[in-house]
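# Results of the structural survey
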Amino acid sequence: MCQIILRFRDVWKAVIIILHSGRVSKDSHKKFDFIQTILYNKLQYSLEVELKLEEKEISKAVIGRLPRYYRYLGELIDAGVERISSNDLSQSMRVTASQIRQDLNNFGGFGQQGYGYNVKYLRTEIGKILGLNQNHSMIIIGAGSLGHALANYSSFEKHGFVVTGLFDVRTELKDSAVRNIPIRMMDELEGFLKENEIEIAALTIPKSQALEVADRLVKCGIKAIWNFTHTDLNLPEDVIVESVHLSDSLMKLSYNITTYKEEHGK
């Protein structure tokens, strides 16, 4: 809410500076009064939207679709598309236009009737909602195949996720690195977290070690865990856990294959 107030205050300051600079005639004062009214009304509307968002609980399904919107909009920008309607976006994403409008209206809309959506602006705003307008420092626990794959995925950094360290128990990996990211031993974990501000820890270790390591991370102040360990973690409520069960996706794929064969007699 404070950001909205500051944004409109800065706009009005710019108007006042122009007015007193002598570059605008006194006859234009009425125009500035009109601008002031518009700015005030916009501020009131933005504050109302902000209050509604604070009171409104956004469903996980809506949040789950935002990264898809962000990704598709990025592809449109790369293709040189400047604006798009919800109908055209729905055809690309295979989500109904009505669903797209409902999803975006949860956050204030962003579109204009008869114009559609400004692609760059919409992607920027969705990025802000997802927290991609700031960097998130991250470590990876487990420098096996999956840990290596995550560390080598440089696109994370384009979205603000910066991997600063890998940790493992295997002494043969000590002093080695993945994409210039040093692999440290697990007995260095607490010291590293004390000296560095780390926001996210990715777990790519056997599930038998998951809870013990997660507890160590929580005691060191980690509040977000990306869990690849094929087990659910019961941690304090103020710790955010995003679990990725790769086998679950394969099971869904298996279901869809089976259903398709049954429906088409194959």
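Residues numbered from 1 in each chain as written. Predicted model: local features only at pLDDT ≥ 70, side-chain atom pairs only at ≥ 80, totals over all residues. Heavy atoms only, no water.

## Notes on the overall build of the protein
Broken down by element type, the protein carries 11 helices and 9 strands. Surface exposure of the protein reaches about 17,600 Å², of which carbon and sulfur atoms provide 52%. (Helix = DSSP H or I, 4+ residues; strand = E, 2+ residues; numbered from the N terminus. Areas by Shrake-Rupley, 256 points an atom, 1.4 Å probe, with all protein chains shown as cover.)

## Quick notes on the confidence of the model for the protein
Per-residue confidence for the protein averages 83 on the pLDDT scale, and 79% of its residues sit at or above 70. Ignoring residues within four places in sequence, the model shows residues 1-9, a span with pLDDT below 50, making 13 contacts including any to other chains. Within the model, pLDDT remains below 50 along residues 11-19, and this stretch shows 12 contacts once partners closer than five positions in the same chain are excluded. (pLDDT = per-residue confidence, 0-100. Contact = heavy atoms within 4.5 Å.)

## Looking at helix H11 (residues 246-263)
Taking 1.5 Å per residue, 18 residues should reach 26 Å; H11 reaches 26 Å between its end C-alpha atoms and fits that length. Count one or two residues on from H11 and you reach Gly265, which has phi positive near 65°. (Expected span 1.5 Å × (residues − 1).)

## Examining the layout of surface pockets
Rolled over the atoms, a probe sized like a water molecule indicates the empty space that remains. When its volume is computed, the largest pocket comes out at roughly 1,600 Å³. Lining the largest pocket we find 32 residues, and of these Ile63, Pro67, Leu130, Phe161 and Glu242 sit closest to its centre. Of all elements in the fold, only helix H3 (60-78), helix H6 (119-129), strand E3 (136-141), helix H8 (155-158), strand E8 (224-227) and strand E9 (240-243) reach the threshold of two or more residues within the lining of the largest pocket. Top contributing element to the lining of the largest pocket by residue count: H3, with 10 residues. (1 Å grid on protein atoms, 1.4 Å probe; cavity = no way out; pocket = protein on both sides within 12 Å on 5 of 7 lines; lining within 4 Å. Points joined across faces, edges and corners; volume = space filled by probe spheres on them.)

## Here we look at the pattern of salt bridges
Considering all chains together, one arrives at 6 salt bridges under this definition. The partner of Glu157 in a salt bridge is Arg179, with the nearest N and O atoms 3.1 Å apart. Placement of Glu157 in helix H8 and of Arg179 in the loop between strand E5 (177-178) and strand E6 (181-185) is noted, with a sequence separation of 22 residues between them. Look at Glu157 and you get partly exposed, because its relative accessible area is 37%. (Salt bridge = Lys/Arg side-chain N within 4 Å of Asp/Glu carboxyl O. Buried < 20%, exposed > 50% of the residue type's maximum accessible area, 1.4 Å probe, protein only.)

## Regarding the packing of helix H4 (residues 86-93) against helix H5 (residues 97-105)
At their nearest, the axes of H4 and H5 sit 8 Å apart, and the two run at 110° to each other. In terms of orientation, H4 and H5 fall into the roughly perpendicular class. Between H4 and H5, the contacting residues are Ser86, Asn87, Leu89 and Ser90 on the first element and Ala97, Ile100 and Arg101 on the second. Residue composition of the contact of H4 with H5, grouped by class: 3 nonpolar, 3 polar and 1 charged. (Axes fitted to C-alpha atoms, helices over the stretch in contact; angles between N-to-C directions. Parallel < 35°, antiparallel > 145°, perpendicular 65-115°, else oblique. Nonpolar A, V, L, I, M, F, W, Y, C, P; charged D, E, K, R; others polar.)

## What about unusual backbone geometry?
Here Arg179, not a glycine, exhibits a phi torsion of approximately 50°, which is positive. Taking relative accessible area as the criterion, Arg179 reaches 32% and is therefore assigned partly exposed. Look at Asn180: it is not a glycine, yet its phi comes out positive at around 65°. Residue placement: Asn180 occurs in the loop between E5 and E6. Overall, the relative accessible area of 76% leaves Asn180 in the exposed class.

## So, the sheet that holds strand E4 (residues 161-168)
The strand order E5-E6-E4-E3-E7-E8-E9 describes an open sheet built from 7 strands, whose pairing is mixed. Both outer strands of the open sheet, E5 and E9, are each paired with one neighbouring strand and no more. The sheet contacts of helix H10 (residues 207-219) involve E3, strand E7 (200-203) and E8, and relative to E7 the element is tilted by about 170°. (Pairing = 2+ DSSP bridges.)

## Considering the environment of Arg68
Take Arg68: it is sitting in helix H3. Each C-alpha atom, one on Arg68 and one on Met93, is 8.0 Å from the other, the two residues being 25 residues apart in sequence.

## Remarks on H10
Since there are 3.6 residues in each turn of an α-helix, residues three or four apart along the chain are aligned in direction. For H10, with 13 residues, the first-to-last C-alpha span of 19 Å sits near the 18 Å given by 1.5 Å per residue. What H10 keeps buried is the set Ala210, Val213, Ala214 and Leu217. Buried residues along H10 sit in contact with E3, helix H9 (189-195), E7 and E8. Looking one or two residues past H10, Gly221 carries a phi angle of roughly 100°, positive in sign.

## Examining the packing of H3 against H4
In contact at an axis separation of 11 Å, H3 and H4 are set at 105° when each is read in the N-to-C sense. In terms of their interaxial angle, H3 and H4 are classed as roughly perpendicular. Facing Arg68, Tyr69, Tyr72 and Leu76 of H3, the residues of H4 in contact are Leu89, Ser92 and Met93. Here the residues of the contact of H3 with H4 sort into 5 nonpolar, 1 polar and 1 charged.

## Structural notes on the environment of Asn133
With respect to the helices, strands and loops of the structure, Asn133 is situated in the loop between H6 and E3. In this structure the C-alpha to C-alpha distance between Asn133 and Gly160, which are 27 residues apart in sequence, comes to 7.3 Å. For Asn133, the residues in contact, after removing those within four places along its chain, are Gly127 and Lys128.

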